[in-house]
Amino acid sequence: MDGISNLLLFLLFFFLPMTLVSMVTISKQWGYLNGLLPIVAALAIIGAESYNNIISTTLRPTCYRIVNHLLSVIPTMALILQFLNLSYNVQNQIPSKTSWEAGYRTLATLQTLAGPMFIPTSPYLLYMINEQTHFHASSLGDIELAMKHSPTLKDVMEGYVANIYSYISSRNIKVAVLPEAKWFDYAFNAERGYHCESLSSEYRALTTLTGAVSYLDRVCYYTDDSAK
């Protein structure tokens, strides 16, 4: 009974919180499978602890030594078969040489441009060329989604979000590197004085490898100071 009580306490204070963290993370907007990492870590630790307890129990000296050894083989084989079944090719998550080269070609292009830049889905590129960074589009989307469900948050953030959209529409941004999604086409188009060129040549620059497929699709330059 002491062992069962300790196990229940362990599950309550370790496994349950890790599970809740995973569920909350993956249920949010843009949530993806990496949100399940906490529960995966918990299962790995609990699995190792359980395996150790089983082996320690079955290998105790008793008159049923052969039976005990057989019982220890079963969880060992199950553990091995589990890893065989969960085999995963990590190379699928490593960018190819072509992808790497496309990314650095994009950086080289950005380094030749002047003026405030806007790269909503890859703002880290600005950091890599020593330019001022800004918010990530998904972070702004999270805030807007939360504002719809929380009047208090809406009261706090509404002015900030309005200022962000006001700046995006102000034509102060001279260069915008946009994804294939049309989220910001209302601000960066020919009618507003922007000339857009495709970034997609022989390879789509910076294509994501997991989650929703996204890649940098075009670069827009502000060219018309007389645009209305």
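Everything discussed here concerns the structure shown above.
Residues numbered from 1 in each chain as written. Predicted model: local features only at pLDDT ≥ 70, side-chain atom pairs only at ≥ 80, totals over all residues. Heavy atoms only, no water.

(A) Representation of the packing of helix α6 (residues 137–149) against helix α7 (residues 151–168). Two elements in contact, α6 and α7, have axes whose closest approach is 8 Å; the angle formed by their N-to-C orientations is 140°. Here α6 lies oblique to α7, going by the angle between them. Seen along the crossing, α6 lies across α7 with a hand that is left-handed. Contact with α6, carried on its side by L140, I143, E144, A146, M147 and H149, involves P151, L153, K154, M157, E158, V161, I164 and Y165 of α7 and no other residues of that element. Residue composition of the contact of α6 with α7, by class: 10 nonpolar, 1 polar and 3 charged. (Axes fitted to C-alpha atoms, helices over the stretch in contact; angles between N-to-C directions. Helix = DSSP H or I, 4+ residues; strand = E, 2+ residues; numbered from the N terminus. Parallel < 35°, antiparallel > 145°, perpendicular 65-115°, else oblique. Left-handed = near helix turned anticlockwise from the far one by under 90°. Contact = heavy atoms within 4.5 Å. Nonpolar A, V, L, I, M, F, W, Y, C, P; charged D, E, K, R; others polar.)

(B) Summary view of unusual backbone geometry. The backbone phi angle of N130 is positive, close to 60°, even though this residue is not glycine. Structurally, N130 is set in the loop between α5 (124–128) and α6. On the accessibility criterion, N130 (72% relative accessible area) is exposed. Phi is positive for R171, which is not a glycine, with a value near 70°. Within the element layout of this structure, R171 appears in the loop between α7 and β2 (175–179). For R171, a relative accessible area of 15% puts it in the buried group. (Buried < 20%, exposed > 50% of the residue type's maximum accessible area, 1.4 Å probe, protein only.)

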